[in-house]
Amino acid sequence: MATEHVALAGAEGSTAAKPDTKQQSPQDPVVNNFSIQIATVNGSGSQSANLVLLKSIFRMGIPVSGKNLFPSNIAGLPTWYTIRASKDGYVARKKEIDLLIAMNPETMKEDMLSLPPGAAAIYEETANLQQYRSDVACYPVPFDKLTAAVCPEAKLRKLVKNMIYVGVAAHLLKMDMAAVEAALRKQFAKKVKAADLNWGAVQAGHDYAKSTLTKSDPFVLEPMNETAGKIIIDGNAAAALGCIFAGCTVAMWYPITPSSSLVENFIDYAKRYRIEKDGKATFAVVQAEDELAAIGAVFGAGWAGARAMTATSGPGISLMAEFAGLGYYAELPGVIFDVQRTGPSTGMPTRNQQGDLISVAFLSHGDTKHVMLIPGSVKECFEMAQAAFDLTERLQTPVFVMSDLDLGMNNWMSDPFEYPDAPLDRGKVLSAEDLTRLGGFARYKDVDGDGVGYRTLPGTDHPLAAYFTRGSGHNEKALYTERPDDYFNNMERLSKKFETARSLMPRPEVVQTGKSKVGVIAFGTSDYATRESRDQLRKEYNFETDYLRLRAYPFSREVQEFVASHDRVYVVEQNRDAQMLSLLKLDLPAEEIVKLRSIRHFNGLPIDARSVTDELVTQEGI
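A. Expanded view of the overall build of the chain. The secondary structure content of the chain amounts to 21 helices and 22 strands. Taking 25 Å as the expected radius of gyration for a compact globule of 622 residues, we find that the chain reaches 27 Å, a close match to that expectation. Reported as C-alpha extents along the three principal axes, the dimensions of the chain are approximately 90 × 65 × 45 Å. Here the chain, with 622 residues, has 56% of them falling under the buried criterion. In the chain, the share of contacts with a sequence separation of at least 24, taken over all contacts with a separation of at least 6, comes to 76%. Summed over its atoms, the accessible surface of the chain is roughly 26000 Å², and 52% of this surface lies on carbon and sulfur atoms. Here the chain contributes 67 positive and 76 negative side-chain charges, whose respective centroids are spaced 3 Å apart.

Here's what the structure looks like:
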């Protein structure tokens, strides 16, 4: 596929099939089980059209997912949007493209040559793409002529043109036009004239395809009832909503792709739900000078008693190292959302990766260990955002929520989120009444044996409430010291707190079939490809696997038990250096480490099931 950015068969000097003037014969229908790729130019306004296609399929009751692959510049470079319809509910990226809508002249040839045999292509008729492939169903369309007929204003034609391909695809795929119109009018809900204009373009494309094109591909959509009651949302919006429900009132940030929309959504929600009747805001959002300042302000707000967060990505994480160490050592609450992207350095800012695991786990110098929550769905983005604030205050330590670009910025189908009914857990906070009853407290003393001390909030009206918050050596009473035994005891207590965290983390999801000694471990968005791969292994090779999906670090006891019960365990992740496998090696007994195998995907595209299957089959020698 063109988005792989590899040398493609069919390029000049290759052995691509010569064009065939004979039209393909229709094959057996492929119903609700294919992928569509729309190749356009960044900044051309195609997103609205793509979302209309996605949500039209969703309205037909068909499980669907959408992935946007866009360049890191502002406008002008190629962009691809992939829609996958799957009657079986698979939502990982499908490696093969079945229907291409080629709207970018610069990539049309490459996109066409990358299609597998039996695919279909919709494109501008003047491009004459049928000359390159005889094994692809070709649908040339006079997009410019059709657009000019429905849109008198030349400056709007670039935008309206995208809706023509919606209409063409709708006819060829036998889509429900009522669902298409409903999706379009919702997309332009506040712009009636724009909705009417774009609907006219959809109808023009549909009418042209109906009167002119002869269907010669097998791909069709038929109504199902698999999306009733479900929603479509992206992970960043879900996480922002979770922050609101968690009682977060402070957001400190520095914009960075792909995390910016998380805070932007939080601002929108806060303006809706955090404004008093007198018009006063009960929240604060500050764009800091950089990521280091942002996390410092988060810890300051958390120290003062507010629930505070920031959102960033890999480069921001690197800048936060110094304050992350302070948060760990001085034991300050704060939530950091890391929406991971491809690195190192600037890397590919709009590509996906799970590459910050080791850097976050040990962020800062010295002996530092951080808690990480790892959502695998938009529902978990919502839920783990709430859990993160409870954990950060209960453990009095920074908590990192490890999302990624694929989860954060793309649209996912989900069950509705449940309204939380548990009260907020503010942890070990002493009031003035508590201090009177106790006669005082030692800030860094382990009273309960869990490594977590008691704290007071600034402004607590009691003479014994005050203490120093130190990033330098300190004893149980928060007094400065460099005595070896004080430092040793303090660091041992922090290690005990990390062990306590194991019992508070979300448990992994475990699927034990009882039929295999081969296990697979995955996490985050690698879960979707791994689940589909397990089905492929079962159906194509009669090969059963057990499965564990990690949801947090430090690991709970279930992880060690899972590895111990298998002969070989494959760890699936989206980075080059097998970072999660490395964390597991640090945690497991020596005799279990030798069981671990690695399946890695790190080309910047979201991981697909076929890549997982092929690699496991190779390593197993099946």
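B. Highlighting the nonpolar core. Grouped together as the largest cluster of nonpolar side chains are 61 residues, with contacts concentrated most on Cys243, Leu262, Phe266, Met309, Phe337, Leu373 and Met505. The leading source of residues in this core is helix H13 (residues 378-395), at nine residues. Excluding residues within four positions of it along the chain, methionine 309 makes contact with Cys243, Cys248, Val250, Ala251, Met252, Leu262, Val263, Phe266, Val298, Val335, Phe337 and Phe389. Counting 54 residues, the second largest nonpolar core, distinct from the first, contains Ala137, Phe143, Ile164 and Ala170.

C. Just unusual backbone geometry, in detail. The omega torsion across threonine 257 and proline 258 is 5°, close enough to zero to call that bond cis. Residue placement: proline 258 occurs in the loop between strand E10 (250-253) and helix H8 (260-273). Between tyrosine 553 and the following residue, proline 554, the backbone shows a cis peptide bond with an omega angle of 10°. For proline 554, the location among the structural elements is in the loop between strand E20 (552-553) and helix H18 (557-564). In this model, asparagine 542 sits at a positive phi of 55°, which is unusual for a non-glycine residue. Tracing the backbone shows asparagine 542 in the loop between helix H17 (526-541) and strand E19 (546-550). One non-glycine residue with positive phi stands out, namely alanine 578, at about 50°. Position of alanine 578 relative to the elements: it lies in the loop between strand E21 (568-573) and helix H19 (579-587).

D. Region of the structure containing the environment of aspartate 196. Along the chain, aspartate 196 turns up in helix H6 (residues 192-212). For aspartate 196, a relative accessible area of 41% translates into the label partly exposed. Separated by eleven residues in sequence, aspartate 196 and arginine 185 have C-alpha atoms that sit 8.2 Å apart.

E. Spotlight on the pattern of salt bridges. One pass over the structure, following the stated rule, counts 42 salt bridges. Put simply, glutamate 509 and arginine 549 hold a salt bridge, and the shortest N to O gap is 3.1 Å. Here the residue glutamate 509 occupies a position in strand E17 (residues 509-511), and arginine 549 occupies one in strand E19, the gap between them amounting to 40 residues. Judged by relative accessible area, arginine 549 falls into the buried class, the value being 4%.

Definitions and limits used
Residues numbered from 1 in each chain as written. Predicted model: local features only at pLDDT ≥ 70, side-chain atom pairs only at ≥ 80, totals over all residues. Heavy atoms only, no water. Helix = DSSP H or I, 4+ residues; strand = E, 2+ residues; numbered from the N terminus. Rg over C-alpha atoms; globule rule 2.2 N^0.38 Å. Buried < 20%, exposed > 50% of the residue type's maximum accessible area, 1.4 Å probe, protein only. Contact = heavy atoms within 4.5 Å. Areas by Shrake-Rupley, 256 points an atom, 1.4 Å probe, with all protein chains shown as cover. Lys, Arg positive; Asp, Glu negative; His and termini not counted. Charge placed at Lys NZ, Arg CZ, Asp CG, Glu CD. Core = buried A, V, L, I, M, F, W, Y, C linked by side-chain atoms within 4.5 Å. Salt bridge = Lys/Arg side-chain N within 4 Å of Asp/Glu carboxyl O.

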